[in-house]
Amino acid sequence: MSRKLKIAIVDDEPDMRESISQWLVLSGFETETFASAEDALKVIGADWPGVVVSDIRMPGMDGMAFLKRLMGLDSNLPVIMITGHGDVPMAVEAMRLGAMDFMEKPFNPDRMTQLAKKATQARRMTLDNRALRRDLSEGQQVMSKLIGASPVMDRLREDILDLGQADGHVLIDGETGTGKTLVAHALHAVGPRASKKFVPVSCAAYNDEALAARLFGPLEEGLPAVEEARAGTLCLEDVEALSEALQARLLAFISEQGAPAETRIIAISNARGEGRRVEDSLRPDLFYRLSALKITLPPLRARGEDILALFTRMTEQYSEEYGCEPPQVSAQEAAQLLQAPWPGNIRQLINVAERAVLQNRRGSGSIASLLMADGEDNQQATTTEGKPLKEYVESFEKMLIDNTMRRHRGSIASVMDELCLPRRTLNEKMAKYGLQRGDYL
């Protein structure tokens, strides 16, 4: 829906301000008047939702100085200058500095309307293009956080891009710590609702009465979630915690919206990780509405070499944060990371990575001890999904070359020396694992 743009009228003469304002209001525009450039600058900034009509001759800051300030704030802001009979050369200079056009006093009402329409159309296009670029940028940023090159992650990214463009409600499930909330943000960020609000509500964080108020109102302050998320995305985390009464109200809300839904609902379920099914917790008619589209996130143990890539990324980030070197992962430790069951998934891996950096800074401890401490209930750090030895070896080899290339910033000679590899062998292995020297420079 197009935004309503304002026209700021800046003139030290009250009669002129009111005359221009009244005519533009009658022509269907929304106006805001200012007696001086200084007053206007307190309100107008970059991305200001409107255009400016300003007199040239004003006490204090005149129109030319005001124009320069406005162009410094936002060079695409349309500015229409009002000139006296002898100020036409100055108005022409103003256009050279960035003004969109000028009008002579006494102004022609029809010309004023035409210029206002032209200016607001140009401004709307500029603001819409900026919003689109921001949305695309945010979508790319969120998607870039979905780290991993395993087949299951490739499929997940494809699903997000496909489902992000759809209108149907989405159910996301998977074990705890697999990144379900991040995927919900990604679905919103890559879709047509990206410029609208994303409103998350944790259904497990409230008692029934408080959750009813948070979702549907009334609230002492602010809007209930269904109103706040209107035309955007309402994200219901722990959806299985909804009571039967709230499920009925949510179903009524969904039915009232019709199809396609004005507000999209992304429901997140953690039931799978607790050995339950979300369909056992929700009434069937609501479950089928919410699961029109569905994404099940893979557990970390099913993501192969992504485990090493994630661990490396996390240890690098924490090493930078704590001002120390990241721990070096041995072949045995890499195998242990790949074989660990990771019941807490990515969340657990992040915790292990931080503790690995801290103990490496102290010069003591091992990754194996951290894995054992994290999985005392799992006496053996092995997955139920056996992998061939070749997979473990290749995953470690890729991680080792990747880490060494990062440390030497793409210096092939230094990497050859440290890993005792001839150039041809290193080149072949980098090609095999999709590693490009340019990524490390």
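Residues numbered from 1 in each chain as written. Predicted model: local features only at pLDDT ≥ 70, side-chain atom pairs only at ≥ 80, totals over all residues. Heavy atoms only, no water.

A. View of the overall build of the protein. If you tally the helices and strands in the protein, you get 18 helices and ten strands. Whereas a compact globule of 441 residues would reach a radius of gyration of roughly 22 Å, the protein reaches 30 Å, over 25% beyond that. Counting only C-alpha atoms and orienting by the principal axes, one finds that the protein spans roughly 90 × 65 × 35 Å. For the protein, the proportion of its 441 residues judged to be buried stands at 47%. Summed over all atoms, the accessible surface of the protein reaches about 22,300 Å², with 50% contributed by carbon and sulfur. In the protein, the 53 positive side-chain charges and the 64 negative ones have mean positions that sit 4 Å from each other. (Helix = DSSP H or I, 4+ residues; strand = E, 2+ residues; numbered from the N terminus. Rg over C-alpha atoms; globule rule 2.2 N^0.38 Å. Buried < 20%, exposed > 50% of the residue type's maximum accessible area, 1.4 Å probe, protein only. Areas by Shrake-Rupley, 256 points an atom, 1.4 Å probe, with all protein chains shown as cover. Lys, Arg positive; Asp, Glu negative; His and termini not counted. Charge placed at Lys NZ, Arg CZ, Asp CG, Glu CD.)

B. The arrangement of the sheet that holds strand E2 (residues 30–34) in detail. Spatially, the five strands line up as an open sheet ordered E2-E1-E3-E4-E5, and their pairing is parallel. Only two strands of the sheet have a single neighbouring strand rather than two, namely E2 and strand E5 (101–104). On average, adjacent strands in this sheet sit at an angle of 20° to one another, irrespective of strand direction. Here strand E1 (residues 6–10) runs beside strand E3 (residues 50–55); their pairing, made up of five bridges, is parallel. Residue Lys6 lies in a different strand from E3, and its bridge partner there is Gly50. Along the sheet face, helix H1 (residues 14–26) touches E1, E2 and strand E4 (79–83) and points at about 170° away from the line of E2. (Pairing = 2+ DSSP bridges. Axes fitted to C-alpha atoms, helices over the stretch in contact; angles between N-to-C directions. Contact = heavy atoms within 4.5 Å.)

C. Seen up close, the nonpolar core. Among the nonpolar cores identified, the biggest contains 27 residues, and Leu234, Leu236, Val239 and Leu250 are the most heavily contacted of them. If you list the elements that add at least two residues to this core, you get strand E7 (198–202), helix H8 (208–216), helix H9 (225–228), strand E8 (233–237), helix H10 (244–257), strand E9 (264–269) and helix H11 (284–290). The leading source of residues in this core is H10, at five residues. Among all residues touching Leu250, those that are not within four sequence positions of it are Phe216, Leu236, Leu242, Ile265 and Leu286. In this structure, Ala37, Ala40, Leu77 and Ala99 belong to the second largest nonpolar core, which totals 24 residues. (Core = buried A, V, L, I, M, F, W, Y, C linked by side-chain atoms within 4.5 Å.)

D. Broad picture of the packing of aromatic side chains. Within the structure shown, the criterion is met by two aromatic pairs. Measuring from ring centre to ring centre gives 5.2 Å for Phe287 and Tyr288, while their planes differ by 70°; the resulting arrangement is edge-to-face. You can call Phe287 buried: its relative accessible area is 9%. Residue Tyr288 is classed as exposed on the basis of its relative accessible area, which comes to 60%. Relative to Tyr322, the ring of Tyr318 lies with its centre 6.3 Å away and its plane at 25°, an arrangement referred to as stacked. Taken together, the residues Tyr318 and Tyr322, both in helix H12 (residues 306–322) and four residues apart, mark about one turn of the helix. (Phe/Tyr/Trp six-rings, centres within 6.5 Å; stacked < 30°, edge-to-face > 60°.)

E. Quick peek at the pattern of salt bridges. In total, this model carries 21 salt bridges according to the counting rule given. Its salt-bridge partner being Lys6, residue Glu32 comes within 3.2 Å of it at the nearest N-O pair. You can see Glu32 sitting in strand E2 and its partner Lys6 sitting in strand E1, a full 26 residues away along the chain. Residue classification places Glu32 among the partly exposed positions, given a relative accessible area of 23%. Residue Lys6 is classed as partly exposed on the basis of its relative accessible area, which comes to 27%. Salt-bridge contacts for Asp173 lead to Lys294; the nearest nitrogen and oxygen are separated by 3.7 Å. Of the two residues, Asp173 is situated in strand E6 (residues 170–173) and Lys294 in strand E10 (residues 293–296); the sequence distance between them amounts to 121 residues. Here the salt bridges share partners, and the residues they tie into one network are Glu13, Asp55 and Lys105. (Salt bridge = Lys/Arg side-chain N within 4 Å of Asp/Glu carboxyl O.)

F. A look at the side chain of Arg17. Note on placement: Arg17 falls in helix H1. Beyond its immediate stretch of four places on either side in the chain, Arg17 contacts Ile9, Asp11, Asp12, Thr33, Phe34 and Ala35.

G. Summary view of the sheet that holds E6. Within the open sheet, the five strands sit side by side as E7-E8-E9-E6-E10. Their pairing is parallel. Each of the sheet's edge strands pairs with one partner strand only, and the pair in question is E7 and E10. The mean angle between the axes of side-by-side strands here comes to 15°, regardless of whether they run parallel or antiparallel. Pairing between E7 and E8: five bridges, direction parallel. Pairing of Pro200 across the sheet is with Cys235, part of E8. Against the sheet, H8 engages E7 and E8, with an angle of about 170° to E7.

H. Examining unusual backbone geometry more closely. Following Lys105, the chain continues into Pro106 via a peptide bond in cis, with omega recorded as -10°. A positive phi angle, near 55°, is found at Asn345, a position not held by glycine.

I. Geometry of helix H14 (residues 345–362). In this model, H14 (18 residues) spans 26 Å end to end at C-alpha, consistent with the 26 Å of a helix rising 1.5 Å per residue. At the exit of H14 stands Gly363, carrying a positive phi of roughly 80°. (Expected span 1.5 Å × (residues − 1).)

J. Expanded view of the environment of Glu220. Note that Glu220 resides in the loop between H8 and H9. Sequence separation of Glu220 and Met64 is 156 residues, and the distance between their C-alpha atoms is 47 Å.

K. Quick look at the confidence of the model for the protein. Mean pLDDT over the protein works out to 85, with 92% of the residues at or above the 70 mark. Across residues 376–385 the pLDDT falls below 50, and counting only partners more than four positions away or on other chains, this stretch makes 15 contacts in the model. (pLDDT = per-residue confidence, 0-100.)

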